[in-house]
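Structural overview for review
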Amino acid sequence: MTLRALLLGLLATTCSSFVLIACSSSDDSKNGASAGSTASGGSKSSGGSAASGGSTASGGSTASGGSGSCTLDLTCKPVAPNTGDPYADCVTRVNQFRACDCKAPLAQDTDGQACADQQAAYDAMKNSAHAGFGASICKPDFFAQNECPAWGSQQDTIDGCAQQMFDEGPGPTDPCNGDCYSMHGHFINMTGNYTKVTCGFAQDSSGKWWTVQNYR
């Protein structure tokens, strides 16, 4: 736990220094990854979809395949939902990509909704991805988090940011730890062996939107 906590602290420092494309972090019981396009407060990366930084992920799975007639499609580009309910649309979006990886859909975690919003607002205020997640500022506890920091609109986080996360694809090794997780952490979290997901939204002082996806 001490080593994981140290890695998390080092990553939080790294994620406050550069223009954010994506960054990842984890500890023994939960892991987090964030993806952005024009955000400030993250780790520098090229290509727009790869995570940088991070440590061993716990929970989740990079296994592909599935049962029944599902056809694995790791290059899928589903049309993002836009019903006017960003919370439901965010969950639907996650499940679109899980279906592409032949994974079962996740239920919307309504019990975690208030905490997810609080985490997003805290991160926006701190201008630091996963700040609330790492500090465990609210309950319930989540096992993994993806984050879209400082995007132009709520819909952008549901559409483009989620696509970036899935486009990282599974890691080349199993388990995908260290540098592997830092490059593929968003995909690992999104397609992991969880049962629930909840999304939280907050707008920062410049009008940008921060979105977290919490898994448990």
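For the structure itself, look to the data block above.
Report on the accompanying structure.

Rules behind the numbers
Residues numbered from 1 in each chain as written. Predicted model: local features only at pLDDT ≥ 70, side-chain atom pairs only at ≥ 80, totals over all residues. Heavy atoms only, no water. Core = buried A, V, L, I, M, F, W, Y, C linked by side-chain atoms within 4.5 Å. Buried < 20%, exposed > 50% of the residue type's maximum accessible area, 1.4 Å probe, protein only. Helix = DSSP H or I, 4+ residues; strand = E, 2+ residues; numbered from the N terminus. Contact = heavy atoms within 4.5 Å. Pairing = 2+ DSSP bridges.

This brings us to the nonpolar core. Counting residues in each nonpolar core, the largest one holds 18 residues, and the members touching the most others are Phe97, Leu106, Phe166, Met190 and Tyr215. Those elements that place two or more of their residues in this core are helix 2 (86-100), strand 4 (144-151), helix 5 (154-167) and helix 6 (179-190). Every residue in contact with Phe97, bar those within four places of it in the chain, is listed here: Cys76, Pro78, Ala162, Gln163, Phe166 and Met190.

In this section: unusual backbone geometry. Cis geometry is found at the peptide bond from Lys139 to Pro140, where omega equals 5°. In this fold, Pro140 is placed in the loop between helix 4 (131-135) and strand 4. For the peptide bond that leads from Asp174 to Pro175, omega is 10°, which places it in the cis range. Mapping Pro175 onto the fold places it in the loop between helix 5 and helix 6.

Further remarks concern the pairing of strand 5 (residues 196-203). Of all 8 residues in strand 5, 6 are buried; the element is thus mostly enclosed. One ladder, built from 2 bridges, connects strand 3 (residues 107-108) with strand 5; its direction is parallel. Note that in strand 5 the partner of Ala107 across the bridge is Lys196. In terms of strand pairing, strand 5 meets strand 6 (residues 209-215) through 7 bridges, oriented antiparallel. Paired with Thr198 across the two strands is Asn214, which belongs to strand 6. Between strand 5 and strand 6, which follow one another and run antiparallel, lie 5 residues, and Gly207 among them has a positive phi close to 90°.

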